[in-house]
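This is what each chain is made of:
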Amino acid sequence: MNLFDYVRPATLGEALGAAAHPGAAVLAGGTNLVDLMKAGVARPERIVDISRLPGLSEIETLEDGAIRIGALVGNAALARHPAVKAAAPAVAEAVLAGASAQLRNKASVGGNLLQATRCAYFGDPASACNRRVPGSGCDAKGGDRRGHAVLGWSDACSATNPSDLLVPLAALGAVVEIAGQDGTREVPVAEFHTLPGADGDAGGPQLRHGEIVTAVRLPADAARFAAASRYVKVRERTSFAFALVSAAAALDIEDGTIRAARLALGGVAARPWRAAEAEAALTGKAPDAAAFQAAAEAAMAQARPSAEDNAFKIALALRVAVRALTLAAKGTPERMPALPASVFAPTLSAPSPSAPSFQGTAR
Amino acid sequence: MTDMIEPVSPDTLANGSAHVRLGSNAGQPLTRADGRLKVTGRATFAADNRPDGMLYAVYVSATIARGRVTHLDVDAAKAHPGVVEVMTPANRPPLARDPDAKPHPFALKVDALQNDRVRYAGQPIALVIAETLEAAAEGAVLLAPAYAAEPARMDEATGEIFATEIAGFGNPALFEKGDVEAGLAAAARRVEARYTTPAQYHNAMEPHAIVAAWEGDRLILDMPTQAPALSTAEFASFFGIPPQNVLVRSPFIGGGFGSKAFATGPYLLAMLAARMVGRPVKMVHRRDQQFGPVGHRGATRQTLRLGAAADGRLTALDHTALSTTSSFDDFLEPAANASHNMYASPAMRMAHQGLRNDVGTPGAMRAPGEATGSAALECAMDEAAEACGMDPLAFRLANYAETDPQTGRPFSSKALRECYTAAAERFGWSGRPLAPRQMRDDEGRLVGWGMGSALFPCPMFEAEARATIHADGTGTVEISASEMGQGALTALAQIAADGLGIDGDRLDFRSGDSSLPNGGIAGGSGHTATAGSAIFTAGADAVRRLAEIAVADEASPLFGASNSGVEARGGRLHRVDDPSRSETYAAILSRAGLSSVTGEGKGARDPAAAESRAMFSHGAVFAEVTVDPDLAQIRVTRLVGAFAAGRIVNPRLATSQLTGGMIWGIGFALHEETVYDPRTGRPMNADFAGYHVPVNADVPSVEALLVEETDRHVNALGIKGVGEIGITGTVGAIANALWHATGVRVRDFPVKMETLLG
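Here is what the cut-offs are and how they apply
Residues numbered from 1 in each chain as written. Chains lettered and ligands numbered in written order. Predicted model: local features only at pLDDT ≥ 70, side-chain atom pairs only at ≥ 80, totals over all residues. Heavy atoms only, no water. Helix = DSSP H or I, 4+ residues; strand = E, 2+ residues; numbered from the N terminus. Polar contact = N/O pair within 3.5 Å; in protein donor to acceptor, adjacent residues only side chain to side chain. Contact = heavy atoms within 4.5 Å. Salt bridge = Lys/Arg side-chain N within 4 Å of Asp/Glu carboxyl O. Axes fitted to C-alpha atoms, helices over the stretch in contact; angles between N-to-C directions. Parallel < 35°, antiparallel > 145°, perpendicular 65-115°, else oblique. Left-handed = near helix turned anticlockwise from the far one by under 90°. Nonpolar A, V, L, I, M, F, W, Y, C, P; charged D, E, K, R; others polar. Domains from an automatic or database assignment. Buried area = accessible area lost by both parts, 1.4 Å probe. pLDDT = per-residue confidence, 0-100. Buried < 20%, exposed > 50% of the residue type's maximum accessible area, 1.4 Å probe, protein only. Expected span 1.5 Å × (residues − 1). Disulfide = S-S within 2.5 Å.

## Points about the side chain of Asp711 of chain B
Residue and element names in this part refer to chain B. By the element assignment, Asp711 lies in the loop between β30 (702-706) and α15 (730-742). Only 2.6 Å separates the side chain of Asp711 from the side chain of Ser412, close enough to count as a polar contact. In this structure the side chain of Asp711 is engaged in a polar contact, spanning 2.5 Å, whose partner is the side chain of Ser413. Every residue in contact with Asp711, bar those within four places of it in the chain, is listed here: Ser412, Ser413, Gly718 and Lys720.

See below:
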């Protein structure tokens, strides 16, 4: 690990000044940055530790009903906050489906927003990576790309964003609050990470050097979906693994008709993939299998595999979207499932005992 | 399942002394002796040591798999604050032995900077020694190696396939019995299938770690090893010093699984580094450094051909394996040998070939050969059962081996039938529909049931122990055994207390240090049997000496009894013919004016028994998997295993070992896989975010039952072994349950969801 300065500013203003240093990196929970430093992927000259900055660790409900989540709020605290659980249960479910309890205690909301891709070639300094060194090439091409993008990728980069939290946040129209020395600005979560472009441009977070994420704001509008929203996450291991594909679905259903819908997919692109076409396709429809299938197809209409080994993710994502919509339509569970976002979470009222409880039934 | 354990054995042991019996302490389900130390952080692992003046070493891992190192920026590394020294092939001190030599067939070549060649990714190519870990790590980065790289050979197309006479550690690569082709031709049903298993890396919780220090010509090593005393000779040979000049301290090992049994290149470099700088040096592997120079389970491609008569009895069993090894050494995963001893067949052929790839040399990894081979064999048996229209358990019973299929010898003991019965009953196997896709849970998910047979040999190695009875009646037993999480400290101490005829709380059990009598190796599931035999014999020897004193002492109530006329228990010697006449150890020693008596013992297989009997632990594993029919998510919702492994010294710890093995089987079936970049040969998932093993959510219900088994041949104590057998059987059971759930035969491990997505 390279030598670096360590500063712990007392105020946001001081932090912004310190973070403006050319080689500065901002440290909050450290669950991602420290790993990247140990791997030699990040080699900051200065660590600006904002983990004890005042005023960034609160969750508050604003006058207009929006929920403002401070950037230093821990993931675990976010998932158990009553206002978040009430207004945006899929956010809580997504958080609890990610990482481990220990990591969730430490990791911050702002850090989750800035979490680096888990593409193995990004994490390996010996490999060429446009995302790590713009213009250096992409060694993932020709290598293992099973987990890579099927939407919004380019020749420069096909890595995916690993976050669970961002998927429901993007679906629900959350906004990132950013502070800089020149003032503050806002960017929708769904657009916070730019997509890869041409000529070695891998895209990345829309955060200029020296800026600090101060909060994420869930609009008041999110609460209209509270009764029918779910997050579904698919991966080989039942827990403690990044999503191969995930989906957050939220429905506002009245009198058997979908008044409004929100759908975003995870694990398929360089950012949480808000599926506006699917949302439009669902509006005004009955919440049934045909509508969900059509919506999922709309969401994946532009999908194409970035490599042969991830072609299966297109069909998988379509099915995961259908599942998330189906489960959302059944209603948000009264209690968080013991296996949040898992397809093995019971969806029936009576939990299945572990002893054989089924009846042999011919298909 | 302690109720299934044999109660205190009435057997008098036929090992030279009739004074002591196993059973007062052994057989009890004690919690682990080191548990409190571990949960409070007071158990000292190698990396916890910090001798005065210690420096830190970090070795540089090659990022190519084949080629040469053309440049290392030594000046830049040395200029970094805190860096003390840089070791490269140019200045590496000489070794007394060529690391590429194989002085004995089991020796593996190691990479210790003997030249600038790179032969696998992760090979050490330089080492930086510094005042702090951070400085050493940064020095390693600053070396910025440049390479002349050649294309990595990472598959069958680019690697060389070669014939071999040896598989594993010295096992014949070919076994033939009867006429396989004729057996297949005569079969009413035939199955041929090809299975693949990937490269897997041991990844113990504790990475390889060492603190090396020289005191003149004496080498002091704090390191985790599965063979503390045994390894001294090997280490000494590299430095031209006598083995007694090497002291290895290894009180606790954070998991070994076969990776901590041998000298490795990085370990040698740390020893060299300490000599180079004249100060103690600590080196701890990063997690990614576990992928390369410390062995792994080599990838296999296996083909099974089974023929069966109309009644389901095998007419031929053909199992061939292509095992991947390195470009420069020869260890081959002996996968096909897993078919030697399981099922009766008039015609058998088990054969191996090697495949050379640019990977580190594989080695023994928990159930080497048995894990990979059993996975393929049990899947093929399931396919054959289906072809015969038979229940998988009935099919296995139809092919039950009454004698060892390989040698024709009787088994020393074999309670496999009882294992099938116990596990099937507990699991609720009866009523299982034969056809796949017949069962759903109440959420509509597909449910399938599968099973597999488990088998593992019961080797014994060689061990020595020393036992002492002190003037106060307490005992000390000394042996350089290995506590690697399996519970050896606890189980061996139970045997030791019985050997001395004292209560466990009167025993001081000393272990994990090479200056103690050689406890052999904790491997091959033979540690408890081997070290336990040495310990028990040593205790019995001490008691015999004490009895000699007592029966010759006119003042003793035991006076005049023949030596075999007394027995020991609870720290007293009793007359057999009149148990009311007894005396404490302390009183006997006190009157004799002795401060102690010491006995010695050895543990090894009786060669005559080895020649006349086939010795294996057996088991049966039943799996239930649940599969989401649309999303292909798999969960092993239940595992039930039943195992017969001779005498169980500590049922609690044995169950833990078996359960751990079964969980490993889940990982083998569904998770564990090394993903190499096909061009560079670098493992691209060399961390726990990418290299997955099961987590708690993957193992909702795992149960291991202990089936009573008395074995009078395997050794005097009747102990077999439980360390590895849990993996065998489990992998196949899960794959077979997956077929039963989905109708899809999975033949490539780990199972990926795209295989089932359709």
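Next comes the rest of the account.
## A word on the pattern of salt bridges
Taken as a whole, this structure holds 67 salt bridges over all chains when the rule is applied. Here Arg747 of chain B makes a salt bridge to Glu383 of chain B, at a shortest N to O gap of 2.9 Å. Taken together, the residues span a long stretch of sequence, with Arg747 of chain B in the loop between α15 and α16 (753-757) and Glu383 of chain B in helix α7 (residues 370-387) at a distance of 364 residues. Salt bridges sharing partners connect three or more residues here, namely Asp221, Arg224, Asp252, Glu254, Arg259 and Arg262 of chain A.

## Thoughts on the packing of helix α14 (residues 651-670) of chain B against α15 of chain B
Residues and elements named next belong to chain B. Between α14 and α15, whose axes approach to 8 Å, the crossing angle comes to 50°. Considering the angle they form, α14 stands oblique to α15. By crossing handedness, the relation of α14 to α15 is classed as right-handed. Packed against α14, whose contacting residues are Met662, Gly665, Ile666, Phe668, Ala669 and Leu670, the element α15 presents Thr730, Val731, Ile734 and Leu738 at the interface. When grouped by side-chain class, the residues that make up the contact of α14 with α15 number eight nonpolar, two polar and no charged.

## Re the domain arrangement of chain B
Residues and elements named next belong to chain B. Assigned domains within chain B: domain 1 (2-30 + 462-604), domain 2 (46-150 + 260-289) and domain 3 (379-459 + 610-757). The C-alpha-based centres of domain 2 and domain 3 are spaced at 40 Å. Counting residues at the interface gives six residues for domain 2, matched by seven residues for domain 3. In this assembly, domain 2 packs against domain 3 so that about 480 Å² is buried in total across both faces, 61% of it on carbon and sulfur atoms. By the criterion of area lost to domain 3, the three top residues of domain 2 are Thr63, Ala121 and Arg287, representing 69% of everything that side buries. Taken together, the links from domain 2 to domain 3 amount to zero salt bridges. Viewed at the interface, domain 3 and domain 2 are joined by two residue pairs in polar contact (both at pLDDT 80 or more). Residues that form the side of domain 2 that touches domain 3 fall into these classes: three nonpolar, one polar and two charged.

## Examining the confidence of the model for chain A
Residue-level pLDDT values for chain A average 94, and 96% of them are 70 or greater. Across residues 349-363 of chain A, where pLDDT falls below 50, the model places 23 contacts with residues more than four positions away in sequence or in other chains.

## Some thoughts on unusual backbone geometry
All names here are of chain B. In this structure, Pro750 follows Phe749 across a cis peptide bond, with omega equal to -5°. By the element assignment, Pro750 lies in the loop between α15 and α16. The phi angle at Leu113 is positive, at roughly 60°, despite the residue not being glycine. Among the secondary structure elements, Leu113 is positioned in the loop between β3 (83-87) and β4 (117-118). Residue classification places Leu113 among the buried positions, given a relative accessible area of 4%. The phi dihedral of Ala632 falls on the positive side, at around 60°, and the residue is not glycine. For Ala632, the position within the fold is in the loop between β28 (616-627) and β29 (634-644).

## A short note on the interface of chain B and chain A
If you look at the interface, chain B gives 47 residues, while chain A gives 48 residues. Between chain B and chain A, a total of about 4,100 Å² is buried, with carbon and sulfur atoms accounting for 53% of that surface. Where chain B meets chain A, there are five salt bridges. Looking at the side of chain B that touches chain A element by element, the count peaks at four residues for helix α3 (residues 133-142) of chain B. Residue classes in the side of chain B that touches chain A are distributed as 20 nonpolar, eight polar and 19 charged.

## A short note on helix α10 (residues 488-500) of chain B
The periodicity of an α-helix, 3.6 residues per turn, causes residues three or four places apart in sequence to face the same way. Residues and elements named next belong to chain B. For α10, with 13 residues, the first-to-last C-alpha span of 18 Å sits near the 18 Å given by 1.5 Å per residue. Across the 13 residues of α10, 13 count as buried, placing the element largely inside the fold. Phi for Gly501, located one or two positions after α10, is positive at around 65°.

## A word on the environment of Pro134 of chain A
Residues and elements named next belong to chain A. Its place among the elements puts Pro134 in the loop between α7 (109-113) and α8 (166-171). We classify Pro134 as exposed; its relative accessible area is 65%. Residues Pro134 and Gly200 lie 66 residues apart in sequence; the distance between their C-alpha atoms is 5.9 Å. Leave out the neighbours within four places in its chain, and Pro134 touches Cys129 and Gly200.

## So, the state of the cysteines
Residues and elements named next belong to chain A. Inspection of every chain in the model, using the stated rule, returns zero disulfides over all chains. Looking at Cys129, it has no disulfide partner, and the nearest cysteine sulfur is the one in Cys119, 6.0 Å off. Accessibility expressed as a relative area gives 8% for Cys129, which makes it buried. With no disulfide partner, Cys138 has as its closest neighbouring cysteine sulfur the one in Cys157, 6.2 Å distant. Judged by relative accessible area, Cys138 falls into the buried class, the value being 16%.

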